[in-house]
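Architecture at a glance
Each chain is listed here by its residues.
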Amino acid sequence: MLSYSSLHSSKIRLPPYSNPSSTSRSFHRSSILTQKQTSKYRSLCVRALDASQPYGFEYPFEKSKKLKIAIVGFGNFGQFLAKTLVRQGHRVLAHSRSDYSDIARNLGVMFFTDADDLCEEHPEVVLLCSSIVSFELVLRSLPLQRLKRSTLFVDVLSVKEFPRKLFLQVLPPEFDVLCTHRMFGPESGKDGWKNLPFVYDKVRIGDGVLRISRCEKFLNIFAQEGCRMVEMSCAQHDRDAAESQFITHTLGRILEKLGLESTSINTKGYETLLNLMENTFGDSFELYYGLFM
């Protein structure tokens, strides 16, 4: 409730005090005098717009071409994506079990050690970059009640049916869901993403104009880098990946165990094997184990 003094100092002009009692006439005269002396009134400045709106309210001025993206899981791949997001002008926040404050600062990313603090920043997109084996634990640990109810959740796992089912099971129906898989990593994408495939499935995107636009803005991040955008169901992705991606990682790890080295007379076939090993052995064993499971 606003007090008399706070109203009186704003542009809102109060009517003269009109108590007919003779004992209050002196107060009435002093009130009029005070109003005459105050020729200029301060503007009413609203400093708590969030508090005055319903939870999850989307402001009409939030139509920027840039997004506020929270990366959950700021390891090797999370940092790899953050570089491009920041370069494109998006505001990037990050949270991880390990403290990556220094790395985040160097990348232009705001790092949060507490997931509650991250969610209270109300990111438009929550991008989960955890491993396959820790994905469920990370998702269930997030304080969803601190987010806007229309928040877009995105995963980047190498399998798709698994995160899709978890998203639909754990997230309230008001949240949007986009499942994605960039078919490249920090090693294979170090020289640019042009013509590299990016698979996505719009699992659950709200009908609102802003929500549809937000999803397109996120996908445009990869399209802008030249990725070959492939819309595909999570089920179809997993059927195709089981025949291609898993065998690639398996052979790469076998070659790494054999200790292959480059020679002065490499054949093109041998160069292909060396490239395969280089592109896969740098990935964590957690990734390979998750693909296997």
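Read on for an overview of the structure. The structure presented is a predicted model; accordingly, all values stated were derived computationally and were not measured.

**Notes on the packing of aromatic side chains**
Tallied over the full model, the rule gives 12 aromatic pairs. Ring geometry for Phe-74 versus Tyr-100: centroids 6.2 Å apart, planes at 70 degrees, classification edge-to-face. Of this pair, Phe-74 sits in the loop between strand S1 (68–72) and helix H3 (76–87) while Tyr-100 sits in the loop between strand S2 (91–95) and helix H4 (101–107), placing them 26 residues apart in sequence. The class of Phe-74 is buried, set by a relative accessible area of 0%. Ring centres of Phe-153 and Phe-175 lie 5.5 Å apart, and the angle between their planes is 70 degrees; this geometry places the pair in the edge-to-face category.

**Regarding the pattern of salt bridges**
Under the counting rule described, the total for this entry stands at 12 salt bridges. The shortest N-O distance in the salt bridge between Asp-155 and Lys-160 comes to 2.8 Å. The shortest N-O distance in the salt bridge between Arg-211 and Asp-176 comes to 2.6 Å. With Arg-211 in helix H8 (residues 209–224) and Asp-176 in strand S6 (residues 176–182), the pair connects residues that are 35 residues apart, well separated along the chain. Each member of the pair, Arg-211 as well as Asp-176, carries the same accessibility label: buried. Several salt bridges share partner residues, and in doing so they unite Asp-116, Glu-120 and Arg-146 into one network.

**Side note on the nonpolar core**
Leu-81, Leu-127 and Phe-218 are the most contacted members of the largest nonpolar core, which has 31 residues in total. For this core, the secondary-structure elements that each account for two or more residues are S1, H3, S2, strand S4 (125–128), strand S5 (152–155), strand S7 (197–204) and H8.

**Topic: the pairing of S7**
When S6 meets S7, the two strands line up antiparallel, connected through 5 bridges. Within the sheet, the bridge partner assigned to Val-177 lies in S7 and is Arg-204. When S7 meets strand S8 (residues 228–231), the two strands line up parallel, connected through 4 bridges. Looking at S8, one finds that Phe-198 is bridged to Met-229. Remark: the S7/H8/S8 crossover connection has right-handed handedness.

**A closer look at the side chain of Thr-84**
Secondary-structure assignment places Thr-84 in helix H3. Look past the residues within four positions of Thr-84 in its chain and what remains in contact with it is Trp-193 and Glu-225.

**Description of a nonpolar patch on the surface**
Among the surface-exposed residues, Val-133, Phe-285, Tyr-289 and Phe-292 lie close enough to one another that they form a single nonpolar patch of about 430 Å² accessible area. Among the secondary structure elements, Phe-292 is positioned in helix H11 (residues 285–292). For Phe-292, a relative accessible area of 55% gives the class exposed.

**A closer look at the sheet that holds S2**
Spatial strand order, S3-S2-S1-S4-S5-S6-S7-S8: 8 strands in an open sheet with mixed pairing. Edge positions in the open sheet fall to strand S3 (110–112) and S8, since each of these has one partner strand only. Pairs of neighbouring strands in the sheet enclose a mean axial angle of 25 degrees, with direction left out of account. Set on the sheet, H3 makes contact with S1, S2, S4 and S6; between it and S1 the angle comes to about 170 degrees.

Scoring rules and cut-offs
Residues numbered from 1 in each chain as written. Predicted model: local features only at pLDDT ≥ 70, side-chain atom pairs only at ≥ 80, totals over all residues. Heavy atoms only, no water. Phe/Tyr/Trp six-rings, centres within 6.5 Å; stacked < 30°, edge-to-face > 60°. Helix = DSSP H or I, 4+ residues; strand = E, 2+ residues; numbered from the N terminus. Buried < 20%, exposed > 50% of the residue type's maximum accessible area, 1.4 Å probe, protein only. Salt bridge = Lys/Arg side-chain N within 4 Å of Asp/Glu carboxyl O. Core = buried A, V, L, I, M, F, W, Y, C linked by side-chain atoms within 4.5 Å. Pairing = 2+ DSSP bridges. Right-handed = clockwise from strand over helix to strand, strands pointing away. Contact = heavy atoms within 4.5 Å. Patch = residues over 30% accessible without salt bridge, like charges linked within 9 Å, V, L, I, M, F, W, Y side chains within 5 Å. Areas by Shrake-Rupley, 256 points an atom, 1.4 Å probe, with all protein chains shown as cover. Axes fitted to C-alpha atoms, helices over the stretch in contact; angles between N-to-C directions.

Function cannot be inferred from these measures alone, as they are strictly geometric.
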